Amino acid sequence: AQSVTQLDSQVPVFEEAPVELRCNYSSSVSVYLFWYVQYPNQGLQLLLKYLSGSTLVKGINGFEAEFNKSQTSFHLRKPSVHISDTAEYFCAVTKGPGGSYIPTFGRGTSLIVHP
Amino acid sequence: DAGVIQSPRHEVTEMGQEVTLRCKPISGHNSLFWYRQTMMRGLELLIYFNNNVPIDDSGMPEDRFSAKMPNASFSTLKIQPSEPRDSAVYFCATKTSGRDEQFFGPGTRLTVL
């Protein structure tokens, strides 16, 4: 079974500052990794995903994440945040090729961007 | 495409009443997931259908919860009888076999008094 740990429940940051949201996973098999964003009163939407290939993946809204297999991490970064980035961010993992598609989500990190 | 459609968006009911939540998946998506989101427990997978067949219902909390998918364009999650601890936001998400990402509906916020 897989598990996901999001180390920070809340990350406050000032507008235009860089931000990193941390995600670590545990799995005995190869995995696919995802970051989803949830704006207030909305469902989750995909920011980016890692399936294979380059370990640095770029997503929507200027976000990127790096897969680090040795550290079992998939941290999300943005060099300069906007007020509109205030939202809940979820890291998720599924089994990789040939695995059954049942995602495991982290508890979420609330990104709060202050003016 | 209208995306995943859930109804109602908000539901307030009294303890002991039956509650039915509805989901219309994106056309062509053959996998459907029901999730529950609370502050205490985060996002929990309740049940997962593939091609209208329930594949994994191990997350359904108890017999008061049931889910059906009678056809490819409709699913329901029913709670009977409802209890205050069932208060949460319930999400439906769907995906197609050709993609790895899920598409979430806007959710139903359920309050059981």
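Each value, and the rule that gives it
Residues numbered from 1 in each chain as written. Chains lettered and ligands numbered in written order. Predicted model: local features only at pLDDT ≥ 70, side-chain atom pairs only at ≥ 80, totals over all residues. Heavy atoms only, no water. Helix = DSSP H or I, 4+ residues; strand = E, 2+ residues; numbered from the N terminus. Rg over C-alpha atoms; globule rule 2.2 N^0.38 Å. Buried < 20%, exposed > 50% of the residue type's maximum accessible area, 1.4 Å probe, protein only. Contact = heavy atoms within 4.5 Å. Areas by Shrake-Rupley, 256 points an atom, 1.4 Å probe, with all protein chains shown as cover. Lys, Arg positive; Asp, Glu negative; His and termini not counted. Charge placed at Lys NZ, Arg CZ, Asp CG, Glu CD. Core = buried A, V, L, I, M, F, W, Y, C linked by side-chain atoms within 4.5 Å. Disulfide = S-S within 2.5 Å. Buried area = accessible area lost by both parts, 1.4 Å probe. Salt bridge = Lys/Arg side-chain N within 4 Å of Asp/Glu carboxyl O. Polar contact = N/O pair within 3.5 Å; in protein donor to acceptor, adjacent residues only side chain to side chain. pLDDT = per-residue confidence, 0-100.

Thoughts on the overall build of chain B
A tally of helices and strands in chain B yields 0 helices and 11 strands. Each helix (α) and strand (β) of chain B, taken in turn from the N terminus, gives the series β-β-β-β-β-β-β-β-β-β-β. Here chain B has a C-alpha radius of gyration of 13 Å; the compact-globule value for 113 residues is 13 Å, and the two agree. Expressed along its principal axes, the backbone C-alpha trace of chain B runs to roughly 40 × 25 × 25 Å. Taking all 113 residues of chain B together, the buried fraction comes to 48%. A sequence separation of at least 24 residues applies to 54% of the contacts in chain B between residues at least 6 apart. As displayed, chain B offers around 5,600 Å² of accessible surface, 49% of which is attributable to carbon and sulfur atoms. Computed over 12 positive and 13 negative side-chain charges, the inter-centroid distance for chain B is 4 Å.

Looking at the nonpolar core
If you look at the biggest cluster of nonpolar residues, it comprises 28 residues, and the most contacted ones within it are W35, L48, F74, L76 and Y89 of chain A. Elements with a contribution of two residues or more to this core: β2 (10-14), β3 (19-21), β5 (31-38), β6 (44-50), β8 (64-68), β9 (73-78), β10 (87-95) and β12 (109-114) of chain A. Residue contacts for L48 of chain A: discarding those within four places in its chain leaves L33, F34, W35, V57, K58, G59, F63, E64, A65, F74 and L76 of chain A. Formed by 20 residues, the second largest nonpolar core is a distinct cluster that contains L46, Y90, L110 and V112 of chain B.

Quick notes on the state of the cysteines
Under the criterion given, the structure shown has 2 disulfides over all chains. The disulfide that involves C23 of chain A links it to C91 of chain A, with 2.0 Å between the sulfurs. Negative torsions about the S-S bond denote left-handed disulfides, and the value of about -65 degrees found for C23 of chain A with C91 of chain A makes this one left-handed. With C23 of chain A in the loop between β3 and β4 (24-26) and C91 of chain A in strand β10, the pair connects residues that are 68 residues apart, well separated along the chain. Accessibility assignment for this pair places C23 of chain A and C91 of chain A in one class, buried. Two residues, C23 of chain B and C92 of chain B, share a disulfide whose sulfurs are 1.9 Å apart. As the torsion about the S-S bond is roughly -65 degrees, the C23 of chain B-C92 of chain B disulfide counts as left-handed. On the criterion of sequence distance, the pair formed by C23 of chain B in strand β3 (residues 19-24) and C92 of chain B in strand β9 (residues 88-95) is long-range, its members being 69 residues apart. Here C92 of chain B falls in the buried class, since its relative accessible area comes to 0%.

A word on the environment of E16 of chain A
All names here are of chain A. Mapped onto the elements of the fold, E16 is located in the loop between β2 and β3. On the basis of relative accessible area, E16 is assigned to the exposed category, the value being 61%. When the C-alpha atoms of E16 and P79 are compared, they prove to be 7.8 Å apart, with 63 residues separating the residues in sequence. With near-sequence residues (within four places) excluded, E16 lies in contact with P79, S80 and V81.

Section: the interface of chain A and chain B
Residue-level contacts link 17 residues of chain A with 22 residues of chain B. Note on chain A versus chain B: buried area summed over both sides is about 1,500 Å², and carbon and sulfur give 55% of it. Inspection of the region where chain A meets chain B yields 0 salt bridges. Our enumeration of links across chain A and chain B arrives at 4 residue pairs in polar contact (both at pLDDT 80 or more). Put simply, the parts of the chain that give the side of chain A that touches chain B at least two residues each are β5 and β6 of chain A. Considering each element in turn, the side of chain A that touches chain B owes the most residues, 4 residues, to β5 of chain A.

Some points on the side chain of D86 of chain B
All names here are of chain B. Inspection of the secondary structure assignment puts D86 in the loop between β8 (74-79) and β9. In this structure D86 comes out as buried when scored by relative accessible area, which is 1%. Side chain to side chain, D86 and R64 meet in a polar contact 2.7 Å long. For D86, the residues in contact, after removing those within four places along its chain, are R36, R64, F65, I79, P81, L110 and V112.

Side note on the pattern of salt bridges
Residue and element names in this part refer to chain A. By the definition in use, this model includes 13 salt bridges over all chains. The partner of R77 in a salt bridge is E20, with the nearest N and O atoms 2.8 Å apart. Of this pair, R77 sits in strand β9 while E20 is found in strand β3, placing the two residues 57 residues apart along the sequence. Its relative accessible area of 34% is what places E20 among the partly exposed residues.

Description of the confidence of the model for chain A
Across chain A, the average pLDDT comes to 92, with 97% of residues at 70 or higher. Taken element by element, chain A is modelled with least confidence in strand β11 (residues 104-105) of chain A, mean pLDDT 90, and with most confidence in β3 of chain A, mean pLDDT 98.

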